[in-house]
Amino acid sequence: MNWIPLQTDAQLEEIRQRSAQRPQVIFKHSTRCSTSQLVKSRLERVSQPQAIDFYYLDLISYRPISNKVAEAFGVRHESPQILVIRDGKCVFEESHLGISMADILERAA
């Protein structure tokens, strides 16, 4: 998995703009949570779809960015959490053990 680190406010606008051309996925990960590590590991075992950009947000190091993600895309903060962004909007959000690559691919299509 080629994660794009999500570390700045400016990247949120880039994600919104890029989502007009191709789906963008944000994975909010807590490095202190075993469930989050399990979900990350499950995602990384699957081949990364080339038509989707995958962003990785380390919630411990970048909590203010996580809050801005929730605000920008109108979702409640959870961890771990996956968001699929298309046409500037969050079209799918899931958390904890409900996160799967199959659901991401279905919602990103």
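Everything here concerns the structure above.
Structural notes, computed from the coordinates. (Residues numbered from 1 in each chain as written. Predicted model: local features only at pLDDT ≥ 70, side-chain atom pairs only at ≥ 80, totals over all residues. Heavy atoms only, no water.)

### Here's the deal with the pairing of strand β4 (residues 81–86)
Of all six residues that make up β4, five are buried, and the element is covered over most of its length. By the bridge criterion, five bridges tie strand β2 (residues 24–29) to β4 in an arrangement that is antiparallel. Paired with K28 across the bridge in β4 is Q81. Of the strand pairs in this sheet, β4 and strand β5 (residues 89–95) are connected by six bridges, and their pairing is antiparallel. In the strand pairing of β5, L83 is matched with E93. Taken together, β4 and the strand that follows it, β5, pair antiparallel across an intervening segment of two residues, in which D87 is found at a positive phi of about 50°. (Buried < 20%, exposed > 50% of the residue type's maximum accessible area, 1.4 Å probe, protein only. Helix = DSSP H or I, 4+ residues; strand = E, 2+ residues; numbered from the N terminus. Pairing = 2+ DSSP bridges.)

### Observations regarding the pattern of salt bridges
The full count for this structure, using the stated rule, is six salt bridges. Note that D9 is salt-bridged to K68, the shortest N-O span being 2.7 Å. Of the two residues, D9 is situated in helix α1 (residues 9–18) and K68 in helix α3 (residues 63–73); the sequence distance between them amounts to 59 residues. Owing to a relative accessible area of 38%, D9 belongs among the partly exposed residues under this scheme. Assessed through its relative accessible area of 36%, K68 is described here as partly exposed. Among the ionic pairs, E13 bridges to R16, the shortest N-O distance being 3.9 Å. In this pair, E13 and R16 are both assigned in helix α1, three residues apart and thus about one turn of the helix distant. A relative accessible area of 40% means that E13 is categorised as partly exposed. Residue classification places R16 among the partly exposed positions, given a relative accessible area of 27%. (Salt bridge = Lys/Arg side-chain N within 4 Å of Asp/Glu carboxyl O.)

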